[in-house]
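As a plain string of letters, each chain reads:
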Amino acid sequence: MMLRTLHKLTAVLAAAGAAQAYKLLAPEELQHLLSEEYSTAARQNFDPKNTTGLLAPILRVRLPGTKESAEVRAHFRDFFTQSPTLAHGSDGSSGWQVEEDSFYDITPVPPVPGGDLNVSFTNLAAVRDPPDTRPGDVGRLTLVAHYDSKREPAGFIGATDSAFPCALILQVLANLDAALTRKWQSGADDGKHTRGLQVLLLDGEEALKDWTATDSIYGARHMARTWDEQTGDYGVTTQRKSRLDAIDLFLLLDLLGTPAPNIPSYYKHTDWAHVHLGRLQRLIRGENTAAKTKDARDDEKKDSNGKEKGVDKAEEGWFARPGKFLMGGRIGDDHLPFHNFGVPILHLIPMPFPHVWHTIDDDSDHLDMPTMVEWAQIMTVFVAEYMELSGYLV
Ligand SMILES: [Zn+2]
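In this report, the structure presented in the accompanying data block is examined.

Conventions used here
Residues numbered from 1 in each chain as written. Predicted model: local features only at pLDDT ≥ 70, side-chain atom pairs only at ≥ 80, totals over all residues. Heavy atoms only, no water. Helix = DSSP H or I, 4+ residues; strand = E, 2+ residues; numbered from the N terminus. Contact = heavy atoms within 4.5 Å. Areas by Shrake-Rupley, 256 points an atom, 1.4 Å probe, with all protein chains shown as cover. Phe/Tyr/Trp six-rings, centres within 6.5 Å; stacked < 30°, edge-to-face > 60°. Buried < 20%, exposed > 50% of the residue type's maximum accessible area, 1.4 Å probe, protein only. Donors = N, O, S within 2.8 Å, 3.2 Å for Na, K, Ca; no water. Core = buried A, V, L, I, M, F, W, Y, C linked by side-chain atoms within 4.5 Å. Axes fitted to C-alpha atoms, helices over the stretch in contact; angles between N-to-C directions. Parallel < 35°, antiparallel > 145°, perpendicular 65-115°, else oblique. Left-handed = near helix turned anticlockwise from the far one by under 90°. Nonpolar A, V, L, I, M, F, W, Y, C, P; charged D, E, K, R; others polar. Salt bridge = Lys/Arg side-chain N within 4 Å of Asp/Glu carboxyl O.

### Points about the overall build of the protein chain
Point 1. In terms of helices and strands, the protein chain carries nine helices and eight strands.
Point 2. Once local pairs closer than 6 in sequence are excluded, the contacts in the protein chain between residues at least 24 apart make up 79%.
Point 3. In the form shown here, the protein chain has an accessible surface area of approximately 17,400 Å², with 52% of it arising from carbon and sulfur atoms.

Laid out in structure tokens, this is it:
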């Protein structure tokens, strides 16, 4: 991911302000998703030393076209096809369709010494649509992160960039997949389901040499073009005219996992979602505090000398409202090719970037477990509300 000083907006955005179906959870449903059971699972899955967790297998060098990159992809594929946490149907399948999009592109330097300049890249997409729907009638919430690592500095593993964001997406699915199954199997809304869930794990986000239009976001550029041309199941009798057009919200997670991130609202057309995230964080922090004993709360308010502490800066929350839209379009990242086709973008990336950004210190030692667990809580509740899972969670 790179900061750019110039950005040429070449596309007309899709009709902004289109009615957003979004259903708030009931207080007891929120409490359920914040219960110990869920935070324990998140802590286990995000433990950098837990080799059977979701994060540890990604914390390694994973340059495009290498064996290590393929092994990380196999970890993702196993999650969708073999994970016991995903609801499996009577045919044994999880209901997730997993696809790989492989292609070659020319790079300025090989990813590994002595390698070819014609490099193999592979994106992974996983889709779960409601039953008995035609693809062109479904709009998909699309959760996105890149899984490649950066060539330099040597040994860079990108714990925030973007190993943790990938693991976070999988944790959210593990938390909500059963509720999605219950909702779609309930029959209550038969014939009315138009909302699906999709995950996009992209290759080749990082520049191999220096960030340019052709040496960066290899996977995203290829995926946007391919899906724009994928019109087979989409057409004159369906709502959406292409696979690309079937993305209702492109939710990109990047550079996450360090404490107290400041996540501005970058795009006016998805500002409504940013408002929800701020609201959810305040609700979640309120519930988490209420769950502690009163004595523990009183102790926290005092410093080591027993005096009352001032308000911690971090307590203000991550989704600041001042300064919104200022950086919109100036951050080079995987959303750009999709944005240029008019896809609505919600970019969850801190500003400023974490201090470990693009250094060898972007490793597991600099991930903060309470922050990661809080991300899982916020994103789980947001996706539950977006997918209208109220009534099917408990
Ligand atoms: Zn990066």
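Once you've had a look at it, read on.
### Topic: the packing of aromatic side chains
Point 1. Under the criterion given, the structure shown has 15 aromatic pairs.
Point 2. Aromatic side chains Tyr 22 and Phe 382 sit 5.8 Å apart centroid to centroid with 45 degrees between the ring planes, which places their arrangement in the tilted category. Highlighted residues: Tyr 22 in the loop between strand E1 (2-3) and helix H1 (27-33) and Phe 382 in helix H9 (residues 369-386), separated in sequence by 360 residues. In this pair, the class of Tyr 22 matches that of Phe 382, namely buried.
Point 3. An angle of 85 degrees between the planes, with centres 5.9 Å apart, marks the rings of Phe 319 and Trp 375 as edge-to-face. Here Phe 319 is found in the loop between helix H7 (294-300) and strand E7 (331-332), whereas its partner Trp 375 is found in helix H9, with 56 residues between them in sequence. Both residues of the pair, Phe 319 and Trp 375, count as buried.
Point 4. Taken together, the ring pairs connect Tyr 22, Trp 272, Phe 382 and Tyr 386 into an aromatic cluster.

### Focus on the coordination of the zinc ion
Point 1. In the first shell of the zinc ion, the protein supplies Asp 161 (OD), Asp 161 (OD), Glu 206 (OE), Glu 206 (OE) and His 358 (NE2), at 2.0 to 2.8 Å from the metal.
Point 2. Counting along the primary sequence, the residues that act as donors to the zinc ion give the motif D-x44-E-x151-H. Of this pair, Asp 161 sits in helix H4 (residues 159-185) while His 358 sits in the loop between strand E8 (345-348) and H9, and the two are 197 residues apart along the sequence.

### Thoughts on the nonpolar core
Point 1. If you look at the biggest cluster of nonpolar residues, it comprises 72 residues, and the most contacted ones within it are Phe 80, Leu 168, Leu 348, Trp 375, Met 379 and Phe 382.
Point 2. The greatest single-element share of this core, amounting to 15 residues, is contributed by H4.
Point 3. Once residues lying within four places of it in the same chain are set aside, the contact partners of Phe 80 are Leu 86, Ser 94, Trp 96, Val 98, Leu 124, Ala 126, Leu 170, Leu 173 and Val 199.

### Focus: the packing of helix H2 (residues 36-46) against H9
Point 1. For the pair H2 and H9, the least separation of the axes is 9 Å and the interaxial angle reads 125 degrees. In terms of their interaxial angle, H2 and H9 are classed as oblique. In this structure, the crossing between H2 and H9 has a hand that is right-handed. Where H2 approaches H9, its residues Ser 39, Ala 42, Arg 43 and Phe 46 are matched on the opposing element by Met 369, Met 372, Val 373 and Ala 376.
Point 2. Class assignment for the residues of the contact of H2 with H9 results in six nonpolar, one polar and one charged.

### A word on the pattern of salt bridges
Point 1. Summed over all chains, the structure comprises 15 salt bridges.
Point 2. Two residues, Glu 99 and Arg 243, come together in a salt bridge whose shortest N-O distance is 3.1 Å. On the criterion of sequence distance, the pair formed by Glu 99 in strand E2 (residues 97-106) and Arg 243 in the loop between helix H5 (218-229) and strand E6 (247-253) is long-range, its members being 144 residues apart.
Point 3. Assessed through its relative accessible area of 31%, Glu 99 is described here as partly exposed.
Point 4. For Lys 241, the salt bridge identified is with Asp 245, shortest N-O distance 3.8 Å.
Point 5. Take Asp 245: its relative accessible area is 30%, and that puts it in the partly exposed class.
Point 6. Here the salt bridges share partners, and the residues they tie into one network are Arg 60, Lys 67 and Glu 71.

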